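For reference, the chains in residue letters:
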Amino acid sequence: FARRSLPVNGALVIAGNEFLADYARRLHANVVVVPTVIDTDRYRPSPFQGTNGAPVVIGWTGSHSSRPHLMPAIPMLQQVQQRFGNRVSFRIISDRKLSVPDLHIENRRWNSATEPEDLADIDIGIMPLPDNDWSRGKCGFKGLQYMGMAKAVVLQDIGVNRSIVQHGTNGFLATTPEQWMDSLGRLIEDADLRRRQGLAARETVVERYSVAAWRDRYLQLFNELIEQRTT
């Protein structure tokens with residue numbers, strides 16, 4: 001945001017969450033919160049794999065710029081690998097490969113055209129984040145992608161994630177390594193829990209964080225601005 005105040009008449013600030021909106025209100029009176037949304041026609045559930053004998057795949061997607069958010073979680077993920085062995089594997093979808101000792105990682109190069117397909121056969125999506133204002137300003141897009149595809153999720157217990165996830169119902173929130181281990185362990189061991197939480201996650205996104213759910217509100221806001229300009 002600019003440091004100077006913005007003119008109020010005919011102007012509008014749309015913020016993706018309340019943390020950003022609170023900051024914007026210091027500079028501008030007309031601030032509306034509209035959450036980040038995803039296209040739920042593109043990010044759709046795939047057939048549930050259940051207990052098919054294959055490893056449970058824990059997935060993370062993000063660019064190299066967000067890689068530092070993942071790295072502090074690596075020791076915890078190594079413990080998960082040590083505990084479950086070949087019952088679990090990891091998929092990293094990014095613009096740079098990641099190689100970590102004692103982690104069974106499948107790297108897939110990020111491509112906007114194929115991201116839904118690359119996420120389609122993960123079982124659990126993760127979103128670790130540091131405890132800082134940058135994380136509080138994030139709008140949960142990574143988590144919404146997983147959830148829109150009916151994946152079980154474990155997200156960092158910070159910021160807008162607390163609004164998106166109802167802990168234990170449509171996903172898990174975690175802060176400490178012990179909480180992460182517990183949540184991932186429960187999901188790895190219980191395919192039906194993954195299925196139930198994934199379905200609840202999909203419902204949450206369709207109802208509250210989808211393009212379709214917010215389309216009319218966006219049109220309303222833009223039409224109000226146009227009317228202000230023409231009157």
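Quick summary incoming for the structure in this document. (Residues numbered from 1 in each chain as written. Predicted model: local features only at pLDDT ≥ 70, side-chain atom pairs only at ≥ 80, totals over all residues. Heavy atoms only, no water.)

What follows covers the packing of aromatic side chains. Counted under the stated rule, the structure contains 1 aromatic pair. Where Tyr 218 meets Phe 222, the ring centres are 6.2 Å apart and the plane angle is 20 degrees; that geometry is what we call stacked. Of the two residues, Tyr 218 and Phe 222 are both situated in helix H10 (residues 211-230); the distance of 4 residues between them amounts to about one turn of the helix. Residue classification places Tyr 218 among the partly exposed residues on the basis of a relative accessible area of 29%. (Phe/Tyr/Trp six-rings, centres within 6.5 Å; stacked < 30°, edge-to-face > 60°. Helix = DSSP H or I, 4+ residues; strand = E, 2+ residues; numbered from the N terminus. Buried < 20%, exposed > 50% of the residue type's maximum accessible area, 1.4 Å probe, protein only.)

The subject of this paragraph is the packing of helix H6 (residues 141-148) against helix H9 (residues 191-208). Packing of H6 against H9 brings their axes to within 7 Å, and their N-to-C directions diverge by 115 degrees. At the point where H6 passes H9, the crossing takes the left-handed sense. Mapping the contact onto sequence places Leu 144, Met 147 and Gly 148 in H6 and Gly 198, Ala 201, Arg 202, Thr 204 and Val 205 in H9. In the contact of H6 with H9, the residues fall into 4 nonpolar, 3 polar and 1 charged. (Axes fitted to C-alpha atoms, helices over the stretch in contact; angles between N-to-C directions. Left-handed = near helix turned anticlockwise from the far one by under 90°. Contact = heavy atoms within 4.5 Å. Nonpolar A, V, L, I, M, F, W, Y, C, P; charged D, E, K, R; others polar.)

Here the structure, examined in full by the defined rule, presents 1 cavity of 30 Å³ or more. Estimated volume of the largest cavity: approximately 60 Å³. Surrounding the largest cavity, 13 residues form its lining, Ile 58, Leu 77, Phe 90, Arg 91 and Ile 92 being those nearest its centre. Taken together, the elements giving at least two residues each to the lining of the largest cavity come down to strand E3 (56-61), helix H3 (74-84) and strand E4 (88-94). Classifying every residue of the lining of the largest cavity by side-chain character gives 11 nonpolar, 1 polar and 1 charged. (1 Å grid on protein atoms, 1.4 Å probe; cavity = no way out; pocket = protein on both sides within 12 Å on 5 of 7 lines; lining within 4 Å. Points joined across faces, edges and corners; volume = space filled by probe spheres on them.)

Here the largest pocket is characterised by a volume of approximately 370 Å³. Residue lining of the largest pocket: 19 residues in total, with Ser 66, His 69, Lys 138, Phe 141 and Lys 142 positioned closest to the centre. Sorting the residues of the lining of the largest pocket by element identifies helix H5 (133-137) and H6 as the ones contributing at least two each. Of the residues that constitute the lining of the largest pocket, the class distribution is 5 nonpolar, 10 polar and 4 charged.

With that settled, the discussion passes to the packing of H3 against helix H8 (residues 177-189). Contact geometry for H3 and H8: axes closest at 10 Å, N-to-C directions at 40 degrees. When the axis of H3 is compared with that of H8, the two are oblique. Where H3 crosses over H8, the handedness of that crossing is right-handed. Side by side, H3 and H8 meet where Met 76, Leu 77, Gln 79, Val 80, Arg 83 and Phe 84 of the first sit next to Pro 177, Trp 180, Met 181, Leu 184, Gly 185, Ile 188 and Glu 189 of the second. Of the residues assigned to the contact of H3 with H8, the class counts are 9 nonpolar, 2 polar and 2 charged. (Parallel < 35°, antiparallel > 145°, perpendicular 65-115°, else oblique.)

Quick look at the environment of Gly 62 now. For Gly 62, the location among the structural elements is in the loop between E3 and helix H2 (67-70). Between the C-alpha atoms of Gly 62 and Asn 86, which are 24 residues apart in sequence, the distance is 25 Å. Discounting chain neighbours no more than four positions away, the residues touching Gly 62 are Ile 93, Ser 94, Asp 95 and Lys 142.

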